[in-house]
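# A closer look at the structure
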Amino acid sequence: MFGDKSKSLPHAVALILLPEFTMMPVTSAIEPLRQANRFAEKTLYRWTMHSIDGQPVAASNNILTMVNGDLESVPADASIIVCGGLNVQKHADRRLIAWLRKVARRGVEIGAVCTGAHVLAEAGLLDGYKCTIHWENLPGFTEAFPELEATGGLFEIDRDRFTSAGGTTAIDMMLTLIASQHGPDLAAQVAEAILHSPIRHHSENQRMSLPARIGARHPKLVSIIEKMEGCLEDPLSPSVLAKQAGLSTRQLERLFRRYLDRSPKRYYLELRLKKARSLLLQTDLSVINVALACGFSSPSHFSKCYRSFYGRTPYRERGLPTPAAADTGAEIGERI
């Protein structure tokens with residue numbers, strides 16, 4: 001698909017829509033193909049949309065989307081794109097996984113946008129391949145599939161597998177497809193028409209730079225936060241962070257108060273709790289294992305901190321009854 005012209009035109013693409021799929025990546029995948037047809041003045045690509053049972057699918061924005069048919073109606077010559085969104089674990093239907101494995105054995109090119117990569121991983125179709133997924137889902141994805149090489153790039157193309165992180169990254173992936181099959185000039189025309197220029201490289205970061213995210217460019221502050229983000233499972237103490245940055249503990253405290261209006265300990269705790277919420281919502285890890293993955297040695301202390309920050313315990317986040325021990329608020333020390 002990427003790097004070779006189709007043996008026959010038009011090149012067929014079938015999009016498999018999961019319930020609660022994210023609309024933007026789907027339109028971002030289709031529109032470049034439509035514009036390529038327009039500028040080429042012939043039908044280079046055709047696309048169809050499918051659901052598991054052939055029924056309309058509601059996107060995450062509640063727009064009900066009509067489809068061309070069920071999985072069995074997918075054209076035999078089509079490249080497959082699995083389109084995920086919210087609650088992808090719940091929507092990773094066993095029928096879909098079995099069908100994907102079957103078509104993969106035929107050598108069909110299979111890809112995904114947004115959280116669709118989770119379904120491909122569940123099916124074992126990303127084993128030995130580079131892949132990517134939206135940065136919000138990356139922690140849960142790597143916990144669930146530690147053996148996979150998830151790069152965190154905008155998109156990844158590896159032989160007959162391709163994945164994009166979601167949002168507008170599908171535009172860049174499809175522009176890369178158009179350029180590889182029909183030349184960079186056509187891809188540039190399409191990019192200009194949809195006001196998407198320049199075409200981003202697959203390895204670019206999904207997120208804004210850290211200084212842009214925190215609203216500060218102080219080099220030592222940025223360096224310290226990068227260390228924090230890299231050590232969520234085994235948190236570093238404020239004294240160690242200060243020493244590594246060439247600061248005293250008091251200087252470290254003032255730096256965080258000035259630019260972030262909170263102590264370094266509080267900022268670090270919030271980073272860990274945000275990762276914990278991601279793991280709770282996106283993986284099947286036990287609450288205890290989530291706590292350990294985010295640097296909490298005590299489940300009860302984790303529960304107390306989580307409830308203080310989010311207004312509910314980790315168990316309630318999953319709709320589970322809260323164990324009495326986790327609801328006592330007992331504080332048994334924290335690795336920070």
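### A look at the side chain of Ser-263
Among the structural elements, Ser-263 can be located in the loop between helix H11 (249–260) and helix H12 (264–282). Taking the relative accessible area as the measure of exposure, Ser-263 reaches 12% and is therefore buried. Polar contacts involving the side chain of Ser-263 include one to the main-chain amide nitrogen of Arg-266, which spans 3.0 Å. Discounting residues that sit within four places of it in the chain, Ser-263 has contacts with Glu-253, Phe-256 and Arg-257.

### Let's talk about H12
Taking 1.5 Å of rise per residue, the 19 residues of H12 would be expected to cover 27 Å, and the 27 Å separating its terminal C-alpha atoms lies within 8% of that figure. Burial within H12 is extensive, with 14 of its 19 residues counted as buried.

### A word on the sheet that holds strand S6 (residues 110–113)
Judged by pairing direction, the sheet is mixed, and its six strands sit side by side in the order S2-S1-S5-S6-S10-S9 without closing on themselves. What marks the edges here is a single partner per strand, and that holds for strand S2 (45–50) and strand S9 (155–158). Each neighbouring strand pair of the sheet contributes to a mean axis angle of 15 degrees, computed without reference to strand direction. Sheet topology places strand S5 (residues 79–83) next to S6; four bridges connect them, and they run parallel. Opposite Val-82, over in S6, you have Ala-112 as the bridge partner.

### A word on unusual backbone geometry
Phi is mostly negative for residues that are not glycine, and the peptide bonds are mostly trans. Here the amide bond leading from Leu-9 into Pro-10 is cis, since omega sits at 0 degrees, within 30 degrees of zero. Among the secondary structure elements, Pro-10 is positioned in the segment before strand S1 (11–17). One non-glycine residue, Glu-20, lies in positive phi territory at about 65 degrees. With respect to the secondary-structure elements, Glu-20 resides in the loop between S1 and helix H1 (23–40).

### A word on empty space enclosed by the protein
Taken as a whole and assessed by the stated rule, the structure comprises one cavity of 30 Å³ or more. By volume, the largest cavity amounts to about 40 Å³. Surrounding the largest cavity, Val-88, Gln-89, His-118, Ile-133, Asn-137, Gly-140, Phe-141 and Gln-282 form its lining. Within the residue set of the lining of the largest cavity, elements represented by two or more residues are helix H2 (88–91) and helix H5 (138–144).

About the cut-offs
- Residues numbered from 1 in each chain as written.
- Predicted model: local features only at pLDDT ≥ 70, side-chain atom pairs only at ≥ 80, totals over all residues.
- Heavy atoms only, no water.
- Helix = DSSP H or I, 4+ residues; strand = E, 2+ residues; numbered from the N terminus.
- Buried < 20%, exposed > 50% of the residue type's maximum accessible area, 1.4 Å probe, protein only.
- Polar contact = N/O pair within 3.5 Å; in protein donor to acceptor, adjacent residues only side chain to side chain.
- Contact = heavy atoms within 4.5 Å.
- Expected span 1.5 Å × (residues − 1).
- Pairing = 2+ DSSP bridges.
- Axes fitted to C-alpha atoms, helices over the stretch in contact; angles between N-to-C directions.
- 1 Å grid on protein atoms, 1.4 Å probe; cavity = no way out; pocket = protein on both sides within 12 Å on 5 of 7 lines; lining within 4 Å.
- Points joined across faces, edges and corners; volume = space filled by probe spheres on them.

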